[in-house]
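Residue-level listing of the chains:
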Amino acid sequence: MNKGMENLSRKSILFVCLGNICRSPAAEGIMRSIISNMGAEPWLSVDSAGTGRYHIGELPDHRMRIHARRRGLELTHRCRQVTESDFYDFDLIIGMDASNISNLRRICPDPMLQTKIHAMAEWLDAGCRFDHIPDPYYEGAEGFELVLDLLSGGCERLYASLAGQIN
């Protein structure tokens, strides 16, 4: 564990997209890699889910798994749908785009818990031309690579903000 992280309270993050087959499992895989590399398993846990129920029980999209594998990431998550209990179980619930955020606000069981809902764009580089993580499902290889690039930088900044290490 990194020096100075011993006193951090345990945090949990749920990444959310529509079907839980491209963006959110990629964010989960990237963040798991960062957590492992930083020795942060004792204080940070992650999961992913979708607002839709289209792919429950399936592995992430094979194209995303291929592109992630090229970066050393194995996406083995089984797709699941967001549940009401997720709003109680997770400290941060991070949607990939405005539609995901809207759906999360709609299904949130308690208005007080909506403070946990955030957009992944909050952790994108300030100079980034995107205000969301685009859905690569109907795109080619470039779409999957773009999503992985955006999520890599965003997850690094998210980790740094949680660890109190922003320069």
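These remarks concern the structure in this document.

Reading guide: rules and limits
Residues numbered from 1 in each chain as written. Predicted model: local features only at pLDDT ≥ 70, side-chain atom pairs only at ≥ 80, totals over all residues. Heavy atoms only, no water. Helix = DSSP H or I, 4+ residues; strand = E, 2+ residues; numbered from the N terminus. Buried < 20%, exposed > 50% of the residue type's maximum accessible area, 1.4 Å probe, protein only. Contact = heavy atoms within 4.5 Å. Areas by Shrake-Rupley, 256 points an atom, 1.4 Å probe, with all protein chains shown as cover. Lys, Arg positive; Asp, Glu negative; His and termini not counted. Charge placed at Lys NZ, Arg CZ, Asp CG, Glu CD. Phe/Tyr/Trp six-rings, centres within 6.5 Å; stacked < 30°, edge-to-face > 60°. Lys NZ or Arg CZ within 6 Å of the ring centre and 35° of its normal. Pairing = 2+ DSSP bridges. Right-handed = clockwise from strand over helix to strand, strands pointing away. Axes fitted to C-alpha atoms, helices over the stretch in contact; angles between N-to-C directions. Parallel < 35°, antiparallel > 145°, perpendicular 65-115°, else oblique. Left-handed = near helix turned anticlockwise from the far one by under 90°. Nonpolar A, V, L, I, M, F, W, Y, C, P; charged D, E, K, R; others polar.

### Overview of the overall build of the protein
For the protein, the helix and strand inventory stands at five helices and four strands. Reading the helices (α) and strands (β) of the protein from amino to carboxyl end gives β-α-β-α-α-β-α-β-α. By the burial criterion, 49% of the 167 residues in the protein qualify as buried. Across the protein, contacts joining residues at least 24 apart in sequence account for 73% of those joining residues at least 6 apart. For the protein, the accessible area works out to roughly 8400 Å², and carbon and sulfur atoms hold 49% of it. When the 18 positive and 22 negative side-chain charges of the protein are each reduced to one mean point, those points stand 2 Å apart.

### What to know about the packing of aromatic side chains
Per the counting criterion, the structure on display carries two aromatic pairs. Aromatic side chains Trp 43 and Tyr 159 sit 5.8 Å apart centroid to centroid with 40° between the ring planes, which places their arrangement in the tilted category. Here the residue Trp 43 occupies a position in the loop between α1 (23-38) and β2 (44-50), and Tyr 159 occupies one in helix α5 (residues 141-163), the gap between them amounting to 116 residues. Neither Trp 43 nor Tyr 159 differs from the other in exposure class; each is buried. The cationic tip of Arg 63 hangs over the ring face of Tyr 137; the distance from NZ or CZ to the ring centre is 5.1 Å.

### So, the pairing of strand β3 (residues 92-95)
Side chains Leu 92 and Ile 94 project from β3 onto one buried face, and the interleaved Ile 93 and Gly 95 project onto a second face that is buried too. Where strand β1 (residues 11-17) meets β3, four bridges bridge the pair, whose relative direction is parallel. Bridge pairing in β3 links Leu 14 to Ile 93. Pairing of β3 with strand β4 (residues 117-119) involves three bridges; the strand directions are parallel. Following the sheet pairing, Gly 95 is matched in β4 by Ala 119. Of the crossover connections in this fold, the one passing from β3 over helix α4 (residues 98-107) to the parallel β4 is right-handed.

### A few points about the environment of Gly 95
As for its placement among the helices and strands, Gly 95 is situated in strand β3. Each C-alpha atom of the pair Gly 95 and Gly 50 lies 9.3 Å from the other, and the pair is 45 residues apart in sequence.

### Quick word on the sheet that holds β4
The strand order across the open sheet built from four strands is β2-β1-β3-β4, with neighbouring strands paired in parallel fashion. One side of each edge strand has no neighbouring strand; the edge strands of this open sheet are β2 and β4. On average, each strand axis in the sheet is tilted by 25° relative to the strand beside it, whichever way the strands run. Here β1 runs beside β2; their pairing, made up of seven bridges, is parallel. Bridge assignment links Leu 14 to a residue of β2, and that residue is Asp 47. Lying over the sheet, α1 contacts β1 and β2, oriented at roughly 170° with respect to β2.

### Section: the packing of helix α2 (residues 62-69) against α5
Between α2 and α5, the shortest axis-to-axis distance is 10 Å and the interhelical angle comes to 60°. Taken together, the axes of α2 and α5 lie oblique to each other. Between α2 and α5 the crossing geometry is right-handed. Facing Arg 63, Met 64, His 67 and Ala 68 of α2, the residues of α5 in contact are Ala 141, Phe 144, Glu 145, Val 147 and Leu 148. Here the residues of the contact of α2 with α5 are counted per class, giving six nonpolar, one polar and two charged.

Coordinates in, geometry out; function isn't part of it.
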